[in-house]
Amino acid sequence: MRVLLTNSPSRSAINQVAGIRTPPLGLGYLAAIAEQAGHEVRVVDAPTVGLTREQLVQQIDDDEPDLLGVSATANGFQDALRVVVEAKRKRPGLYAVLGGPHVTFLDEQTLQDCRAVDAVARGEGEETFRQLMEAVVSGAEPCGIAGLTYRRNGTVLRNPDRPLIADLDPLPFPAYHLLPMDRYALTGTPYACIMTSRGCPYHCTFCASSHLFGNRWRSRSPESVVEEMAYLRERFGVEYIEMVDDTFSVSHRRVDAICDLLISRKLDVCWTASARVGSLNEPILRKMKAAGCRAIFLGFESGSQDVLDYLCKGVRVEDAFETMDLVRRVGLEVVGSFILGSPQDTEDTVRETIRFARKLSPNYAQFSILTPYPGTPLYEEALAKGWLTSPDWSQFDILRPVMKTPGISAKKLKRHLDWAFISFYLRPRFLWQEVRRRNLHFISRALKGLSAYIRE
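Residues numbered from 1 in each chain as written. Predicted model: local features only at pLDDT ≥ 70, side-chain atom pairs only at ≥ 80, totals over all residues. Heavy atoms only, no water.

**Focus: the sheet that holds strand β8 (residues 185-186)**
Test applied: Should DSSP find at least two bridges between two strands, the strands are regarded as paired. Note on conventions: DSSP H or I runs of at least 4 residues are helices, E runs of at least 2 residues are strands, and numbering of each starts at the N terminus. Whether two residues are in contact is decided by their heavy atoms: any pair within 4.5 Å suffices. Think of each axis as a best-fit line through the C-alpha atoms, taken over the contacting stretch in the case of a helix, with angles from 0 to 180 degrees between the N-to-C directions.
Within the open sheet, the seven strands sit side by side as β8-β9-β12-β13-β14-β15-β16. Their pairing is mixed. At either end of the open sheet lies a strand with only one pairing partner, and these are β8 and β16 (364-369). In the packing of helix α17 (residues 410-425) onto the sheet, the strands contacted are β15 (333-340) and β16, and the crossing angle to β16 comes to about 175 degrees.

Structural data, given as structure tokens:
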């Protein structure tokens, strides 16, 4: 069977803000599963190779696949549906399945609203996709496939949820050889990302991860993680790897073991990972640095304790300063996340968060507007209280307000977001840092924000 996997041609928020194109790991895992099953597979990373929707549909038609798999985020959802509709108009016999966090939580609605979609694979899709391919080849009804929502004779049927994968090590590495690996770069350095664990034991109001991958943290073995890093370095010349786990540092013992393996193998690769504020200590940070870690991503989120408590972060404002001092003392860089527009926010607390970001002074800051994504407690609250202001999923990009905030208007919130970028990235200290690195992306982003700020 011929299988084509693709994503929406929409630009992601991380590409818009940070200028980083990341390999679509979900598609990579599914492609590897399809190859294991003996199918002919192609992956088209549409945003990275610069395809328009029309060009992507033509590519699908030219490849003549039997099964089309499309990954859909919230802001790319409508584009993904258009791709499926137009592809099936050209090839009516094509079987189309959607996957990803957005459709996982809106599976029945997706099938009811778009008859071109044949099925939705919910949550962890590897085994669901494997069984679906078998059903498509044999012509059998997918009634026994856990984790699948599908249509039969016009009726939408929802199979039971699939149990989470207990042991992640047997999963194949993503099919990187089917991706345009030469297109992924971080400030000009060959770049890739890997997932070393799934699930999150925390319960942040704005995050769907614990609902998508479960509250139980499941990790790959240190040997598996380092083997994948070595493969990326040796096969594709990757020099910088991002661990895209929600929280890489849940187990210090595992981090320590990964670092020992990296040091012993003398793997010439730099890497970065996410950690929870207040969860680090100096010995583990020094070990990470010795093993090639160069930066830590930390979710500081807000300078207001009331807002942090509403977001269920489970940390104190002062924890942020203690963690920042610790990481800076070890000599690692920090990328900090800051969120504006919580229902607890007012203009004063938003200004407080912007000042908080400058005072913490991480090397880079990611500012975003709190966005109620399906699958999150925030989305359920927004629905119940009538806070949602836009029916257009393409607006759900963390850069535009799509939710009423009692303490601040949408217009003022967007203006504060622009000011956050301006006031952080046009500081002399930051300008000098980036000029020395010959990296002008964030300066450009801040100047665009300044232009918009002045026009308003």
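**Concerning the nonpolar core**
Under the convention used in this document: For this analysis, a nonpolar core means a set of buried residues of the types Ala, Val, Leu, Ile, Met, Phe, Trp, Tyr and Cys, connected via side-chain atoms within 4.5 Å. Type-normalised accessible area, obtained with a 1.4 Å probe on protein chains alone, sets the label of each residue: buried when under 20%, exposed when over 50%, and partly exposed for intermediate values.
Core analysis: the largest hydrophobic core is formed by 96 residues, its most contacted members being Met229, Trp271, Leu285, Ile296 and Phe300. Not counting chain neighbours up to four residues away, the residues in contact with methionine 229 comprise Ile194, Ile241, Met243, Leu262, Leu267, Val269 and Trp271.

**Focus: the packing of aromatic side chains**
The cut-off we apply is this: Any two rings among Phe, Tyr and Trp, with Trp reduced to its six-membered ring, count as a pair given centres within 6.5 Å; such a pair is stacked if its planes are under 30 degrees apart, edge-to-face if over 60, and tilted if neither.
A complete count under the given rule lists 16 aromatic pairs for this structure. Pairing phenylalanine 173 with tyrosine 231 gives two aromatic rings, centres 6.2 Å apart and planes at 40 degrees, and the pair type is tilted. With a gap of 58 residues between them, phenylalanine 173 in the loop between β7 (155-158) and β8 and tyrosine 231 in helix α10 (residues 222-236) connect regions that are remote in the sequence. On the basis of relative accessibility, which here comes to 27%, the residue phenylalanine 173 falls in the partly exposed class. Note on tyrosine 231 and phenylalanine 236: the rings are 5.6 Å apart at their centroids and 90 degrees apart in plane angle, and the pair reads as edge-to-face.

**Brief notes about the sheet that holds β7**
Read across the open sheet, the seven strands follow the order β2-β1-β3-β4-β5-β6-β7; overall the sheet is mixed. Each edge of the sheet is formed by a strand with only one pairing partner; in this case those strands are β2 (40-44) and β7. When the angles between neighbouring strand axes are averaged without regard to direction, this sheet yields 20 degrees. As paired elements, strand β1 (residues 2-7) and strand β3 (residues 67-71) share five bridges and run parallel to each other.

**Describing the packing of helix α12 (residues 282-290) against helix α14 (residues 317-330)**
Definition in use: Roughly parallel covers angles under 35 degrees, roughly antiparallel covers those over 145, roughly perpendicular covers 65 to 115, and oblique covers all other angles. Crossing handedness follows the turn of the near helix against the far one: under a right angle anticlockwise gives a left-handed crossing, and clockwise gives a right-handed one. Gly falls in the polar group here, along with every residue not listed as nonpolar (Ala, Val, Leu, Ile, Met, Phe, Trp, Tyr, Cys, Pro) or charged (Asp, Glu, Lys, Arg).
Running from N to C, α12 and α14 cross one another at 40 degrees; their axes reach a closest spacing of 9 Å. In terms of orientation, α12 lies oblique with respect to α14. Classified by chirality, the crossing of α14 by α12 is right-handed. In contact with Glu282, Leu285, Arg286 and Lys289 of α12, α14 contributes Leu326, Val327, Arg329 and Val330. When its residues are assigned to classes, the contact of α12 with α14 shows four nonpolar, no polar and four charged.

**Some thoughts on empty space enclosed by the protein**
What counts is decided by this rule: Of the grid points, spaced at 1 Å and generated over the protein atoms alone, those admitting a 1.4 Å probe that cannot get out make up cavities, while open sets with protein on both sides within 12 Å along at least five of seven lines make up pockets; any residue with an atom within 4 Å of a point is treated as lining. Grid points are joined across faces, edges and corners, and a volume is the space filled by probe spheres set on the points.
Here the structure, examined in full by the defined rule, presents one cavity of 30 Å³ or more. Considered as a void within the structure, the largest cavity measures approximately 70 Å³ in volume. Lining the largest cavity we find Tyr29, Leu168, Asp169, Leu171, Pro172, Phe173, Met195, Thr196, Ser197, Arg198, Arg220 and Ser224. Classifying every residue of the lining of the largest cavity by side-chain character gives six nonpolar, three polar and three charged.

Purely geometric stuff here, so don't read any function into it on its own.
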